[in-house]
Amino acid sequence: KDIDILLVIGDRKSNNTKKLLEVGLACGIKTYQIESAQEIKMAWLHGKTRIGLTAGASTPDVIIKQVADKLK
C-alpha cells in the first residue's frame, strides 16, 4: 500500500499473473497488467513517485528487465 501504482508483468492468460493483478486492485492500488514495456502508457505514471513492479512466475527475466529499464 506504500506505492502509487503497480505494474504486473505477465501473460494475460496466466492464473498467477491474474492473481497478482487482483491482489493489487484489492489493496486499492491503481494496478495495470502488461505483457511488455511497450504497453506502458506514460499517462499512468503522471504524478506518480512510487511505482511497484511485480511479475508472474513464468515471465521471462528479459521482459522484466525491459520494463524496469523503461521506467528508469
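Below you will find a few notes about this structure. (Residues numbered from 1 in each chain as written. Predicted model: local features only at pLDDT ≥ 70, side-chain atom pairs only at ≥ 80, totals over all residues. Heavy atoms only, no water.)

Focus: the side chain of Ser 36
Within the element layout of this structure, Ser 36 appears in the loop between strand 2 (30-34) and helix 2 (42-45). A polar contact is formed between the side chain of Ser 36 and the side chain of Gln 38, at a distance of 3.1 Å. The contacts of Ser 36, once residues within four sequence positions are left out, are Ile 63 and Val 67. (Helix = DSSP H or I, 4+ residues; strand = E, 2+ residues; numbered from the N terminus. Polar contact = N/O pair within 3.5 Å; in protein donor to acceptor, adjacent residues only side chain to side chain. Contact = heavy atoms within 4.5 Å.)

Structural notes on the nonpolar core
Of all hydrophobic cores here, the largest spans 10 residues; its members are Ile 5, Leu 7, Ile 9, Tyr 32, Ile 34, Ala 37, Ile 40, Trp 44, Leu 45 and Val 67. Beyond its immediate stretch of four places on either side in the chain, Leu 45 contacts Ile 5, Ile 40, Ile 51 and Leu 71. (Core = buried A, V, L, I, M, F, W, Y, C linked by side-chain atoms within 4.5 Å. Buried < 20%, exposed > 50% of the residue type's maximum accessible area, 1.4 Å probe, protein only.)

Here we look at the environment of Tyr 32
One can find Tyr 32 in strand 2. Look past the residues within four positions of Tyr 32 in its chain and what remains in contact with it is Ile 5, Leu 6, Leu 7, Val 8, Leu 21 and Trp 44.

Some points on the packing of aromatic side chains
Any aromatic ring pair is given by two values, namely how distant the centres are and how the planes are angled relative to each other. Overall, the coordinates contain 1 aromatic pair when judged by the stated rule. With centroids separated by 3.9 Å and ring planes inclined at 5°, the aromatic side chains of Tyr 32 and Trp 44 adopt a geometry described as stacked. Here Tyr 32 is found in strand 2, whereas its partner Trp 44 is found in helix 2, with 12 residues between them in sequence. As far as the burial class goes, Tyr 32 and Trp 44 line up, both buried. (Phe/Tyr/Trp six-rings, centres within 6.5 Å; stacked < 30°, edge-to-face > 60°.)

Points about the side chain of Ser 14
Relative to the helices and strands, Ser 14 is located in the loop between strand 1 (5-9) and helix 1 (15-26). A polar contact of 3.1 Å, which involves the side chain of Ser 14, links it to the side chain of Thr 17.

Comments concerning the pattern of salt bridges
A full pass over the atoms with the stated rule returns 4 salt bridges. With a shortest N-O distance of 3.2 Å, Arg 50 and Asp 4 are connected by a salt bridge. Of this pair, Arg 50 sits in the loop between helix 2 and strand 3 (51-55) while Asp 4 sits in the segment before strand 1, and the two are 46 residues apart along the sequence. Of the residues examined, Asp 4 reaches a relative accessible area of 23% and is grouped as partly exposed. Because the salt bridges share partners, they merge into one network encompassing Arg 12, Glu 35 and Glu 39. (Salt bridge = Lys/Arg side-chain N within 4 Å of Asp/Glu carboxyl O.)

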